[in-house]
Amino acid sequence: MSAEPEQPMSYRRALLAFGNGDLGRGQQNLFMLARRLEEARRKHSVFAGDRFEAVRVISREFHELCYAVTHESHDRRLDEALDVATTAMRFVNGEHMTKRKKRA
């Protein structure tokens, strides 16, 4: 039995993934993350100096999420979850690499 070849990622497929099968929710989630990335880059133009600092930043955000889950409102939990996703995405983007060339 052979596995089907993976299909190329499309915008629609990405939205379905971000929305757990719901296109509208996927677009909303993707746009929330994009807005949060823009805000984070304005507020903290330097994300981290190296990969170890980047992991510490992500870890701090994760601990804030854990606290919010136990002690804060649903809106605060979502806000903290977006912060975790944002810092993780900045890591994925390599924004912690000090010798990387700036993108235009």
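Note that this is a predicted model, so its numbers are computed, not measured.

Engineer: Residues and numbers for the pattern of salt bridges, please.
Structural biologist: Inspection of every chain in the model, using the stated rule, returns nine salt bridges. The partner of arginine 36 in a salt bridge is glutamate 39, with the nearest N and O atoms 3.7 Å apart. Here glutamate 39 and arginine 36 lie together in helix α2 (residues 23-43), a separation of three residues that amounts to about one turn. Using a relative accessible area of 16% as the deciding quantity, one classes arginine 36 as buried. Where arginine 76 meets aspartate 79, a salt bridge forms, and the shortest distance between an N and an O atom there is 2.8 Å. Linking arginine 76 with aspartate 79, this pair stays in helix α4 (residues 74-92), spanning three residues, or about one helical turn. With relative accessibility at 32%, the residue arginine 76 sits in the partly exposed group.

Engineer: How would you sum up α2? Please name residues and give values.
Structural biologist: Taking 1.5 Å per residue, 21 residues should reach 30 Å; α2 reaches 30 Å between its end C-alpha atoms and fits that length. All buried positions along α2 are accounted for by Gly26, Leu33, Arg36, Leu37 and Ala40. Each buried residue of α2 lies within a common arc of 105 degrees when the element is viewed along its axis, so the set occupies one face. In α2, the exposed positions that point more than 90 degrees away from the buried face belong to Arg42 and Lys43. Next to the buried residues of α2 lie α1 (11-18) and α4. For α2, the N-terminal cap is aspartate 22; the gap from its side-chain oxygen to the backbone nitrogen of glycine 24 is 3.0 Å.

Rules used throughout
- Residues numbered from 1 in each chain as written.
- Predicted model: local features only at pLDDT ≥ 70, side-chain atom pairs only at ≥ 80, totals over all residues.
- Heavy atoms only, no water.
- Salt bridge = Lys/Arg side-chain N within 4 Å of Asp/Glu carboxyl O.
- Helix = DSSP H or I, 4+ residues; strand = E, 2+ residues; numbered from the N terminus.
- Buried < 20%, exposed > 50% of the residue type's maximum accessible area, 1.4 Å probe, protein only.
- Expected span 1.5 Å × (residues − 1).
- Arc of directions from axis to C-beta.
- Contact = heavy atoms within 4.5 Å.
- Polar contact = N/O pair within 3.5 Å; in protein donor to acceptor, adjacent residues only side chain to side chain.

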